[in-house]
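# Fold and contact review
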Amino acid sequence: MELNNHFLDLKDSYLFSTVARKVREYQASHPGVKVYKLSIGDVTLPLAPVVIEAMHKAVDEMGKKETFRGYGPELGYDFLREKIQAYYKRLPVDLDLDEIIVSDGAKSDLGNILDIMSPNNKVLIPDPVYPAYVDVNIMAGRKIDTCAGNAENGFKPMPNDSYKADVIYICSPNNPTGAVYTKDELKAWVDYANKQNALIIFDAAYEAFVQDKSLPHSIFEIEGARTCALEICSFSKTAGFTGTRCGYTIVPKELKFNGISANALWNRRQSTKFNGTPYIIQRAAEAVFTDEGQKQIQANLEYYRENARIIKNALVEKGIYCVGGENSPYIWLKCPNGMKSWEFFDKLLNEKGVVGTPGAGFGENGEGFFRLTAFGDRETTIEAVKRITEIL
Ligand code: MLT
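Here goes a summary of the coordinates provided. (Residues numbered from 1 in each chain as written. Predicted model: local features only at pLDDT ≥ 70, side-chain atom pairs only at ≥ 80, totals over all residues. Heavy atoms only, no water.)

### Description of the site of the ligand
Operational definition: Being near a molecule or strand, for a residue, means having at least one of its heavy atoms within 4 Å of it. As used in this structure description, the phrase polar contact means that two N or O atoms lie within 3.5 Å; if the pair is within protein, one of them must be able to donate a hydrogen and the other to accept it, and residues adjacent in sequence are counted only when both atoms belong to side chains. To be clear on the numbers: accessible area is Shrake-Rupley with a 1.4 Å probe, and residue cover counts the displayed protein chains and nothing else. Residue classes follow a fixed rule: Ala, Val, Leu, Ile, Met, Phe, Trp, Tyr, Cys and Pro count as nonpolar, while Asp, Glu, Lys and Arg count as charged, and any other residue, Gly among them, counts as polar.
Around the ligand, the surrounding shell consists of F16, I40, G41, Y130, N175, Y206, K237, Y330 and R371. In the environment of the ligand, an oxygen atom lies 2.6 Å from a nitrogen or oxygen atom belonging to the side chain of Y130. At 2.7 Å from an oxygen atom of the ligand is found a side-chain nitrogen or oxygen belonging to K237. Here the ligand, which alone exposes 270 Å², has 84% of that area covered by the protein. For the shell around the ligand, a count of residues per class yields 5 nonpolar, 2 polar and 2 charged.

And the structure:
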């Protein structure tokens, strides 16, 4: 018996586990001292009332013989897929129902999608980046190339013929930098992928934060994307489902490699290894798309947007270089006085009791940068910002 040795190539711990450990250690040595967390991008507002109502109703249905449901369709109930289909229509993006595959969240799909790809594929990942993209590929032993995001390109790396990639990851609005690709910029990636016969894995988890009407919410707003891209999205950041777990992946019918349909393979993978998202959760997700649901989740999103404005305005006022925060819940700032990311993290925690996420944890191009999240509660955000600006 041999274990998967590729796991030994991973860093000892996942970024957010390291941050959590450091905070635990600080709290153990400073009992009673309050810590202000703007670190992991986890929502703090409760689920919208319509979502809770839908869940209660679904729980009651599960308790009665006439309405009880056992295994659901592995790829998701039509009542939810139809709502997602209509949601895309507004962009406008036309999707077939069976191009929408419901799951228990974007993170699972981002890792699981690799099952349908050869381990020999070369992967191109922007740096800085959400660390899960890197780790899931290391686990599978894939070769990874990075393309640098930096202040010069506004943390939006662009394609370049020197890259030879089979699989490309794009997250827009970006985690961690908050940068958002324009339609023209995404078009350049789509053209590049079609030319290289490469696949784009587009992470749209933060699309609900896009306010600027000229910016794309979905890769499928871009001509040519249906032959080179799949899109992964979730209700986590849109509707506060981080602990509830529901997401979906869009795999267009035209997406084929060597004549083999990616949709058919993903469908086959999910129906073999996944028995579907719970009925109660899918009913909860469905409620997000009702008129009242949209009103309620927009109110929550607006609360986080205001947090983002509070953070960004304070940094700009202090003359700190930062990106993100307008069409994204993340604000990415340059550490003051040439400090390294973890140095700034330690200083903020030890001197001010404030926790953010060190940019270096998102890749080497993140060194010297720092990420703050707008998902905190208002009181925490205001106090944390006050404390941060005191040491800038
Ligand atoms: C983050 O803080 O980057 C996110 O919350 C992580 C995630 O969505 O899994």
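That covers the picture; the talk isn't over yet.
### A few points about the side chain of R269
Here is the rule: Each helix is a run of H or I in the DSSP string that is no shorter than four residues. Each strand is a run of E no shorter than two, and both are numbered from the N terminus. The classification of residues rests on relative accessible area computed with a 1.4 Å probe and restricted to protein chains. Under 20% of the type maximum is buried, over 50% is exposed, and intermediate values are partly exposed. In this description, contact between two residues means that some pair of their heavy atoms is separated by no more than 4.5 Å.
With respect to the helices, strands and loops of the structure, R269 is situated in helix α8 (residues 262–273). On the basis of relative accessible area, R269 is assigned to the buried category, the value being 12%. Within the structure, the side chain of R269 is placed 3.4 Å from the side chain of N112, a separation counted as a polar contact. There is a polar contact of 2.9 Å between the side chain of R269 and the side chain of D115. When neighbours within four sequence positions are excluded, R269 is seen to be in contact with N112, D115, I116 and F274.

### Let's talk about helix α9 (residues 279–288)
By the criterion of burial, α9 is predominantly enclosed, with 9 of the 10 residues buried. Elements in contact with the buried residues of α9: α2 (49–62), α3 (78–89), β2 (100–103), α7 (236–239) and α10 (291–317).

### Here's the deal with the packing of aromatic side chains
Defined as follows: To pair, rings of Phe, Tyr and Trp, with the six-membered ring standing in for Trp, must have centres within 6.5 Å; the planes then decide the type, stacked if under 30 degrees apart, edge-to-face if over 60, and tilted in the middle. In this scheme, the term charge over a ring applies when either NZ of a lysine or CZ of an arginine sits within 6 Å of the ring centre and within 35 degrees of the ring normal.
Per the counting criterion, the structure on display carries 26 aromatic pairs. A centroid spacing of 5.6 Å and a plane angle of 40 degrees characterise the contact between F235 and F241, whose relative ring orientation is tilted. Each member of the pair, F235 together with F241, is buried. Among the aromatic side chains, those forming a connected cluster through ring pairs are Y14, F16, F155, Y321, W332, F362 and F369. Over the face of the ring belonging to F369 we find K334, whose NZ or CZ atom lies 5.1 Å from the ring centre. Sitting over the ring of Y303, R378 keeps its end group 4.4 Å from the ring centre.

### Structural notes on the pattern of salt bridges
This is how it is decided: Any carboxyl oxygen of Asp or Glu that lies within 4 Å of a side-chain nitrogen of Lys or Arg is treated as forming a salt bridge with it.
Throughout the structure, instances matching the rule amount to 28 salt bridges. In this structure, D346 and K22 form a salt bridge, with 3.3 Å as the shortest nitrogen-oxygen distance. Of the two residues, D346 is situated in helix α11 (residues 341–352) and K22 in helix α1 (residues 15–29); the sequence distance between them amounts to 324 residues. Between E254 and R226 there is a salt bridge whose closest N-O contact spans 2.7 Å. Linking E254 in the loop between β8 (247–250) and β9 (256–257) with R226 in the loop between β6 (199–203) and β7 (229–234), this pair joins segments that are 28 residues apart in sequence. E254 sits in the partly exposed class, given a relative accessible area of 37%.

### Remarks on the sheet that holds strand β11 (residues 322–324)
Cut-off, in case you're wondering: When DSSP locates at least two bridges between a pair of strands, those strands are taken to pair. Working convention: axes come from line fits to C-alpha atoms, limited for helices to the stretch in contact. Angles between N-to-C directions cover 0 to 180 degrees.
Pairing in this open sheet of 4 strands is antiparallel, and the strands run β11-β12-β15-β14 from one edge to the other. In the strand order of this sheet, the two ends are held by β11 and β14 (357–358), each with one partner. The sheet contact formed by strand β12 (residues 330–334) and strand β15 (residues 369–373) spans 5 bridges and is antiparallel. Among the inter-strand pairings, W332 is bridged to a residue of β15, identified as R371. Strand contacts of α10: β11, β12 and β15, with the helix running at about 160 degrees to β11, the strand carrying the most contacts. Against the sheet, α11 contacts β12, β14 and β15, and its axis sits at roughly 50 degrees relative to β15.

### Focus on the environment of C322
Its location among the elements puts C322 in strand β11. Of the residues examined, C322 reaches a relative accessible area of 12% and is grouped as buried. The spatial distance from the C-alpha of C322 to the C-alpha of I311 is 10 Å, given a sequence separation of 11 residues. Aside from chain neighbours lying at most four places away, what touches C322 is K312, L315, V316, I331, W332 and L333.

### What about the sheet that holds β7?
Judged by pairing direction, the sheet is mixed, and its 7 strands sit side by side in the order β2-β8-β7-β6-β5-β3-β4 without closing on themselves. Across the chains shown, the open sheet's two edge strands, defined by having one partner strand only, are β2 and β4 (143–148). Shown here is a sheet whose adjacent strand axes are inclined to one another by a mean of 20 degrees, direction ignored. The pairing of strand β3 (residues 122–127) with strand β5 (residues 167–171) spans 2 bridges and is parallel. If you follow V123 over to β5, its bridge partner there is V167.

Just geometry here; none of it tells us what the structure is for.
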